[in-house]
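Structural description and commentary
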Amino acid sequence: MIMAHKEIISASQTYIILYLGIVSTGILTIPMPLYRYAQQNMWVSLLLGSFIGYLMVLLISFFRKYFPEKNMGEIIIQLLGKTLGHVSLFLILCFFAFEEIYILKEYQLYISDVFYQFTSPFIIIGFMILVCAYAVKNGIEVIARCAQLILPFILFVCFGIFFLLLPDIQFQNLFPVLEKGLIPPLKGSVLPMVWYSEFFWMTFCLGSLTETPKKIIKSGFLCVTAITVTILLTFIADLGILGLYTGLTLYPISLAERYIQVGTFVERTSAFFMSIWVLGVFIKLAFLSFIIIRNSGKLLHMTEERLLILPIFIICFWISLRIFNSTASLFQTGNFLIVVAMSCSNIAFPALFFLVACLRLKINKKMVLKK
Amino acid sequence: MLNWLRKNKRIDHSSSKNNTKYNDIKRLARRLSENERIIRQVYAKSSDVVIKHLTLGKAPQIRALLIYIAGTADVAQIDENVLKPLYLLKEGPSDLASIKNTLSIPDIKEIGSFDTVYQEVSNGHPVLFIDRLPQALSLGISKWSTRQVEESSTEFVIRGAKEGFIESLETNTSLVRKRIRTPRLKIERMEIGRYTHTPMIISYIDGLCDPDLVREIVLRVRRISEDGIYDSGMIQEYIQDVSWSPFPTVFSTERPDTFCGALVEGRAGILVDGSPHAIVLPSTFFMFFSSPEDYYSGFIIGTAIRILRTFYMMIALLGPSIYVAVTTFHQELIPTTLLISITQAHEQVPFPTVVEALIMEITFEALREAGIRLPRAVGPTISIVGALVIGQAAIQASLVSPLMVIVVSITAIASFMIPHYEASNTVRLLRFPIMILASTFGLLGIIFSFIVLLIHLSSLRSFGVPYLEPLAPFKKASIIDTLVRGPLWTMKRRPHFTGSTWNRRRTGH
């Protein structure tokens with residue numbers, strides 16, 4: 001009835017997706033490993049790491065400017081040629097698939113550890129896979145709209161936890177600043193950097209954007225800053241309440257949040273916050289799986305990408321039930337692997353593409369313009 | 001076997017040869033007796049059709065024939081404005097123009113073929129045949145039995161107009177015209193239903209409403225091939241974008257002021273003869289959750305009421321589910337003293353909480369449904385029995401715990417806070433799957449059903465407009481009129497419909 005139309009989303013909608021994705025997993029899993037590197041200076045690492053976010057926004061607007069109306073998948077093939085382009089796109093998608101499985105596992109282990117000890121991972125992951133498949137089937141527009149609706153809930157969780165904990169926060173836990181110099185926070189900044197590099201995912205829906213590159217930069221910087229502020233607040237809450245224990249508990253924010261008490265009425269609210277936190281994870285996973293499915297469709301030259309939803313999700317489901325069966329293995333092996341995978345797919349590859357694009361632009365300015 | 005198949009095959013009799021006489025496009029004959037023969041044949045076995053012979057004039061006498069359906073034509077007017085002047089004629093008229101001048105009726109049409117004759121007669125217009133003239137006159141003096149304009153029975157307000165639409169299309173359009181006094185208000189007439197020929201109108205304001213929207217509506221309405229259309233609800237089901245959704249994507253209202261408000265916003269409306277419910281297109285989610293009174297009672301009160309309504313909508317949707325999830329999975333969320341009293345009350349009950357909740361909710365739904373269909377006389381009896389059964393007796397028999405009764409009654413009240421009846425039905429229906437998920441997976445189940453709802457709502461469109469607009473996609477200009485109700489002077493812009501199908505060529509503002 002209604003004509004099939006091109007999917008159109010705004011840059012701010014995409015940034016909301018990224019904000020939700022980075023914040024919801026960031027507040028949960030960054031603090032513990034980061035504390036081991038940087039101790040009470042973990043907020044310095046966060047600030048240092050956020051630079052990659054700003055760089056990524058610039059990179060997004062660069063690709064937007066020189067390759068208008070094109071998604072990253074198409075840009076890669078145009079830049080590197082057919083064979084090399086397809087190979088590198090495939091590699092990136094493999095990394096993405098691993099990231100997807102990692103996030104699924106992260107979510108499932110957190111839920112199983114803290115809330116549903118007796119529910120099988122099959123159910124917890126299965127639910128998430130089902131809703132993601134439903135979202136992907138409906139396309140990026142719907143995911144973006146869901147993100148807009150979910151944003152207030154996540155903001156409520158992040159800021160709600162901070163403000164309710166404010167009376168208990170002991171700010172002396174944040175000092176001394178940089179007692180061992182800048183080296184430990186620098187080492188630790190790899191971790192937040194990896195999270196911020198998720199901005200690269202946005203390049204895969206550049207074709208659906210309508211804004212000018214300038215606007216993309218503006219709202220992008222705003223988004224990076226908002227992420228930094230949000231995660232910073234939770235860091236302060238973690239450090240101010242748990243201090244040394246930040247590095248000893250798996251989910252510091254989950255532990256800190258148990259200190260919330262308003263009268264005798266609002267207390268022990270973990271389950272409530274957890275359930276809202278799931279909303280954020282859902283957006284992250286739905287967006288990532290949308291990218292994977294859309295681009296695998298391109299890779300296989302399929303016109304109907306929806307056919308891929310079932311097989312790809314079944315594979316992800318199967319693998320996520322097999323690997324990282326304990327929280328320990330997730331944090332020991334998984335954390336290292338995810339840092340490697342993320343820095344490959346989200347930092348090394350984009351840098352490579354950027355260089356190739358610069359070279360090509362310099363050699364033949366007309367080439368891009370013609371296409 | 002073949003016979004059985006043939007029996008089950010739906011045969012469309014309207015196209016068989018025997019019935020072509022009803023769609024006769026033949027021109028009228030010059031001879032009156034020929035015309036009469038054909039018409040008597042068509043209206044055989046129709047006792048309510050009146051065929052009256054007249055003789056006009058004195059010197060050259062000319063025969064004439066008047067046909068109408070008893071009860072649809074205004075007999076007093078026929079007497080006063082048709083028969084009297086015709087009998088007073090001195091000489092038999094020779095052409096139609098002179099007869100037209102004789103009759104004191106403003107709405108006279110010349111018709112030339114048989115099918116138009118049948119149409120006009122069915123519309124309640126008496127048709128006058130004159131001998132030796134190959135044309136007939138249709139006299140626009142129909143009179144159908146209707147009820148008076150009354151207060152709408154489903155959408156009550158304290159402040160605001162009390163008028164509601166009724167079953168007569170003409171009265172309804174006059175109610176609209178009364179409120180929008182500009183020639184820009186367009187009322188396009190169509191007929192649908194293969195046998196009922198139900199008149200309906202598509203109404204919009206020229207210059208505010210997108211022409212593509214009107215075109216799309218006409219296109220979709222034309223596609224309806226139903227034998228009979230008796231209510232706008234049937235049209236609604238045919239023209240909505242997505243049929244497989246519990247949410248209504250077409251807004252219907254009984255109130256002329258709501259209807260006119262929507263037209264002035266740039267929407268289009270459909271009115272169907274015989275139905276007091278008007279349709280407004282495109283419709284968005286928030287239309288179903290706002291009442292016209294929000295706009296009449298000041299923005300502070302309006303906003304407060306809307307927030308209250310949103311809160312209770314969430315309770316209507318999730319109330320029992322949250323109760324079930326929290327008491328079975330997350331007892332730590334409940335303050336200790338309350339938890340103790342809940343457990344104590346539940347100790348006597350032999351069922352798990354979810355069974356308790358389902359029993360109560362289904363009983364309530366039964367009472368509600370029965371309450372609508374009850375004959376007036378037995379109403380009080382049933383309500384007493386209902387109150388006793390689901391209130392007092394169920395607790396005393398330890399079937400349910402008192403707290404569950406409180407939860408269910410709050411939910412029941414909450415579901416009726418939704419101003420639109422269809423939307424409240426949706427919310428009530430969705431409660432059941434969520435309750436079952438909550439009982440099996442706790443808050444996680446609720447959150448996942450919430451996610452599914454979000455995805456579904458975001459994917460819905462009503463005539464190309466995203467259903468959740470202006471919340472998602474976010475529209476800064478009209479966000480002031482959703483969960484809150486901003487002051488009227490801040491609503492400077494009309495709702496911006498982003499349906500890419502038509503928004504591009506938006507004319508006039």
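Calculation criteria
Residues numbered from 1 in each chain as written. Chains lettered and ligands numbered in written order. Predicted model: local features only at pLDDT ≥ 70, side-chain atom pairs only at ≥ 80, totals over all residues. Heavy atoms only, no water. Helix = DSSP H or I, 4+ residues; strand = E, 2+ residues; numbered from the N terminus. Rg over C-alpha atoms; globule rule 2.2 N^0.38 Å. Areas by Shrake-Rupley, 256 points an atom, 1.4 Å probe, with all protein chains shown as cover. Lys, Arg positive; Asp, Glu negative; His and termini not counted. Charge placed at Lys NZ, Arg CZ, Asp CG, Glu CD. Pairing = 2+ DSSP bridges. Axes fitted to C-alpha atoms, helices over the stretch in contact; angles between N-to-C directions. Contact = heavy atoms within 4.5 Å. pLDDT = per-residue confidence, 0-100. Buried area = accessible area lost by both parts, 1.4 Å probe. Salt bridge = Lys/Arg side-chain N within 4 Å of Asp/Glu carboxyl O. Buried < 20%, exposed > 50% of the residue type's maximum accessible area, 1.4 Å probe, protein only. Polar contact = N/O pair within 3.5 Å; in protein donor to acceptor, adjacent residues only side chain to side chain. Parallel < 35°, antiparallel > 145°, perpendicular 65-115°, else oblique. Left-handed = near helix turned anticlockwise from the far one by under 90°. Nonpolar A, V, L, I, M, F, W, Y, C, P; charged D, E, K, R; others polar. Phe/Tyr/Trp six-rings, centres within 6.5 Å; stacked < 30°, edge-to-face > 60°. UniProt positions renumbered as here; feature names shortened; annotations may be inferred. Domains from an automatic or database assignment. Core = buried A, V, L, I, M, F, W, Y, C linked by side-chain atoms within 4.5 Å.

Comments concerning the overall build of chain A
If you tally the helices and strands in chain A, you get 15 helices and two strands. For chain A, whose C-alpha radius of gyration is 21 Å, the value lies close to the compact-globule estimate of 21 Å for 371 residues. Along the longest, intermediate and shortest principal axes, the C-alpha atoms of chain A span 65 × 45 × 40 Å. Carbon and sulfur atoms make up 71% of the accessible area of chain A, which totals about 15500 Å². Charge separation in chain A, taken as the distance between the mean sites of 27 positive and 17 negative side-chain charges, equals 13 Å.

Thoughts on the sheet that holds strand β2 (residues 62–69) of chain B
Residues and elements named next belong to chain B. The strand order β1-β2-β4-β5-β3 describes an open sheet built from five strands, whose pairing is antiparallel. The open sheet has two edge strands, β1 (49–56) and β3 (108–111), and neither has a second partner. The sheet shows a mean angle of 25 degrees between the axes of neighbouring strands, direction not considered. Along the sheet, helix α3 (residues 75–87) makes contact with β1, β2, β4 (127–130) and β5 (136–139), crossing β1 at roughly 30 degrees.

A closer look at the confidence of the model for chain A
On average, chain A scores 88 in pLDDT, and the residues at 70 or more come to 97%. Model confidence for chain A, summarised as mean pLDDT per element, is weakest for helix α15 (residues 365–370) of chain A at 56 and strongest for helix α6 (residues 121–138) of chain A at 93.

As for the interface of chain A and chain B
Facing 37 residues of chain A, the contacting portion of chain B comprises 39 residues. The contact between chain A and chain B buries some 3300 Å² in all, and 74% of this surface belongs to carbon and sulfur atoms. Here chain A is connected to chain B by one salt bridge. The shortest N-O distance in the salt bridge between B:R461 and A:E141 comes to 3.3 Å.

Brief notes about the pairing of β2(B)
Residues and elements named next belong to chain B. Buried residues dominate β2, accounting for seven of its eight residues. Relative to β2, β1 runs antiparallel, the two sharing eight bridges. Across the sheet, K52 pairs through a bridge with L66, a residue of β2. As defined by bridge partners, β2 adjoins β4 across four bridges and the pair is classed as antiparallel. Looking at β4, one finds that I67 is bridged to V127.

Examining the side chain of B:R368
All names here are of chain B. Tracing the backbone through its elements, the reader meets R368 in helix α13 (residues 353–373). A relative accessible area of 15% places R368 in the buried class. Among the polar contacts made by the side chain of R368, one reaches the side chain of Y421 at a distance of 2.7 Å. The contacts of R368, once residues within four sequence positions are left out, are F416, Y421, N425 and R428.

Description of the packing of α13(B) against helix α16 (residues 421–459) of chain B
Residues and elements named next belong to chain B. With their axes 10 Å apart at the nearest point, α13 and α16 run at an angle of 160 degrees to one another. If you check the angle between α13 and α16, you find them roughly antiparallel. In this structure, α13 meets α16 at a crossing whose hand is left-handed. Taking contact as the criterion, the partners of V354, A357, L358, E361, I362, F364, E365, R368 and I372 in α13 are, on α16, Y421, N425, R428, R431, F432, M435, I436 and S439. For the contact of α13 with α16, the residue count by class is ten nonpolar, two polar and five charged.

Thoughts on the packing of aromatic side chains
Going through the model one piece at a time under the given rule, you end up with 37 aromatic pairs over all chains. Judged by centre distance (6.4 Å) and plane angle (70 degrees), the ring pair of A:F98 and A:F324 falls under edge-to-face. Separated by 226 residues along the polypeptide, A:F98 in helix α5 (residues 82–114) and A:F324 in the loop between α13 (309–322) and α14 (327–363) bring together distant segments of the chain. The pair formed by A:F98 and A:F324 is uniform in burial state, with each residue classed as buried. Both rings, one in A:F162 and one in A:F163, keep their centres 5.4 Å apart while their planes meet at 75 degrees; by these two values the pair is edge-to-face. In this structure an aromatic cluster arises from ring pairing among B:F247, B:F251, B:F285, B:F286, B:F288, B:F289 and B:Y467.

Describing the pairing of strand β7 (residues 198–205) of chain B
Residue and element names in this part refer to chain B. Across the eight residues of β7, eight count as buried, placing the element largely inside the fold. Burial along β7 is two-sided: T198, M200, I202 and Y204 facing one way and P199, I201, S203 and I205 facing the other are all buried. Pairing geometry for strand β6 (residues 185–192) and β7, over eight bridges, is antiparallel. The partner of E188 across the bridge, within β7, is I202. Counting the residues that bridge the hairpin from β6 to β7 gives five residues, and of these G193 lies at a positive phi of roughly 95 degrees. Note that β7 and strand β9 (residues 268–272) share four bridges and pair antiparallel. Paired with M200 across the bridge in β9 is V272.

So, the side chain of B:Q236
All names here are of chain B. In this fold, Q236 is placed in helix α8 (residues 232–239). For Q236, a relative accessible area of 8% corresponds to the buried category. Setting aside chain neighbours within four positions, we find Q236 in contact with V250, S252, I279 and E422.

Quick word on the UniProt feature "transmembrane region" (unreviewed entry) in chain B
Residue and element names in this part refer to chain B. Sites flagged by UniProt as "transmembrane region" (unreviewed entry) map to residues 311–329, 377–395, 402–421 and 433–455. Note that residues 311–329 is 95% helix and 0% strand, and that its end C-alpha atoms are spaced 23 Å apart. Its end C-alpha atoms 28 Å apart, residues 402–421 is made of 75% helix and 0% strand.

A short note on the domain arrangement of chain B
Partitioning chain B into domains gives domain 1 (2–139), domain 2 (169–294) and domain 3 (296–459). Centre-to-centre separation of domain 1 of chain B and domain 3 of chain B, based on C-alpha positions: 60 Å.

A few points about the nonpolar core
Membership of the largest hydrophobic core comes to 207 residues, with the highest contact counts inside it found for A:F63, A:M128, A:F199 and A:F282. Of the domains in this structure, domain 2 (169–294) and domain 3 (296–459) of chain B are the two that each give at least three residues to this core. Discounting residues that sit within four places of it in the chain, A:F282 has contacts with A:M128, A:V131, A:C132, A:A135, A:I150, B:I451 and B:I455. Counting 23 residues, the second-largest nonpolar core is a separate cluster that includes B:L54, B:V82, B:I99 and B:I130.

Focus: the packing of helix α4 (residues 72–80) of chain A against α5(A)
When two helices pack together, their arrangement is given by the angle between their axes and by how far apart the axes lie. Residue and element names in this part refer to chain A. Orientation of α4 relative to α5, taken along the N-to-C sense of each, is 140 degrees, at an axis distance of 7 Å. Classified by the interaxial angle, the pair formed by α4 and α5 is oblique. Remark: the crossing between α4 and α5 carries right-handed chirality. Contacts between α4 and α5 involve G73, I76, I77 and L80 from the former and K82, L84, G85, H86, S88, L89 and I92 from the latter. Taken together, the residues of the contact of α4 with α5 sort by class into six nonpolar, four polar and one charged.

Here we look at the sheet that holds β6(B)
Backbone hydrogen bonds are what pair the strands of a sheet, in a parallel or an antiparallel way. Residues and elements named next belong to chain B. Taken in spatial order, the five strands make up an open sheet running β6-β7-β9-β10-β8, and their pairing is antiparallel. The open sheet has two free edges, formed respectively by β6 and β8 (251–253), since each of these has just one partner strand. The average undirected angle you get between the axes of adjacent strands in this sheet is 25 degrees. Pairing of β9 with strand β10 (residues 278–281), which is carried by three bridges, proceeds in the antiparallel orientation. Looking at the pairing, A268 lines up with L281 of β10.

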